[in-house]
Amino acid sequence: NRKYFLVQNNDPSGIIYVTVDWTVATLAKGIRLLPGESFEMDSYAPIGVIYAIGSIASNANVVTVEG
């Protein structure tokens, strides 16, 4: 019963791609989050699977919040 969703890219160089429509994210498909950007859904949040992929091998600077 997710009502809120936030993903934030705090990495200085990596790009993140996020999908909220149950399809797998790729480097060519998804909501593109450049370094320092975020994506927030507060009036509607998807209840299904959310996928994300990054442009670098390891990005420990990604923040996700749901509620």
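Numbers given for residues are sequential positions, taken from 1 along each chain in its written order. Where local features are concerned, this predicted model is filtered to residues with pLDDT of at least 70; where side-chain atom pairs are given and counted, the filter is 80 or more; whole-chain, interface and lining totals use all residues. Heavy atoms throughout the structure, all of them, feed into the side-chain values; hydrogens and water do not.

Chemist: If you had to explain the overall build of the chain to someone new, which residues and values would you point to?
Modeler: If you tally the helices and strands in the chain, you get zero helices and six strands. For the chain, the α and β elements follow one another from N to C terminus as β-β-β-β-β-β. Throughout, radius of gyration means the C-alpha value; the globule benchmark is 2.2 Å times the number of residues raised to the power 0.38. For the chain, the C-alpha radius of gyration of 11 Å lies close to 11 Å, the compact-globule estimate for 67 residues. Here the C-alpha coordinates of the chain stretch approximately 30 × 20 × 15 Å along the principal axes. Every one of the 67 residues in the chain was classed for burial, and the buried ones make up 27%. Taking the contacts inside the chain whose residues are at least 6 apart along the sequence as the reference set, 72% of them involve residues at least 24 apart. For the accessible areas, the method is Shrake-Rupley and the probe is 1.4 Å, while residue cover comes only from the protein chains on display. Accessible surface, the chain: about 4,300 Å² in total, of which carbon and sulfur atoms supply 55%. Helix and strand definitions here come from DSSP, where helices need a minimum of 4 consecutive H or I residues and strands a minimum of 2 consecutive E residues; each element is numbered from the N-terminal end. Three exposure classes are used, based on accessible area relative to the maximum for each residue type with a 1.4 Å probe and protein chains only: buried under 20%, partly exposed in between, and exposed over 50%. In this description, contact between two residues means that some pair of their heavy atoms is separated by no more than 4.5 Å.

Chemist: Describe the environment of Gly36, listing the residues and the values that go with them.
Modeler: With respect to the helices and strands, Gly36 occurs in the loop between strand 3 (31-33) and strand 4 (38-41). Gly36 gets classed as exposed once you look at its relative accessible area, which sits at 56%. When the C-alpha atoms of Gly36 and Val62 are compared, they prove to be 9.8 Å apart, with 26 residues separating the residues in sequence. Excluding residues within four positions of it along the chain, Gly36 makes contact with Asn9 and Asp11.

Purely spatial values, then, with no claim about function.
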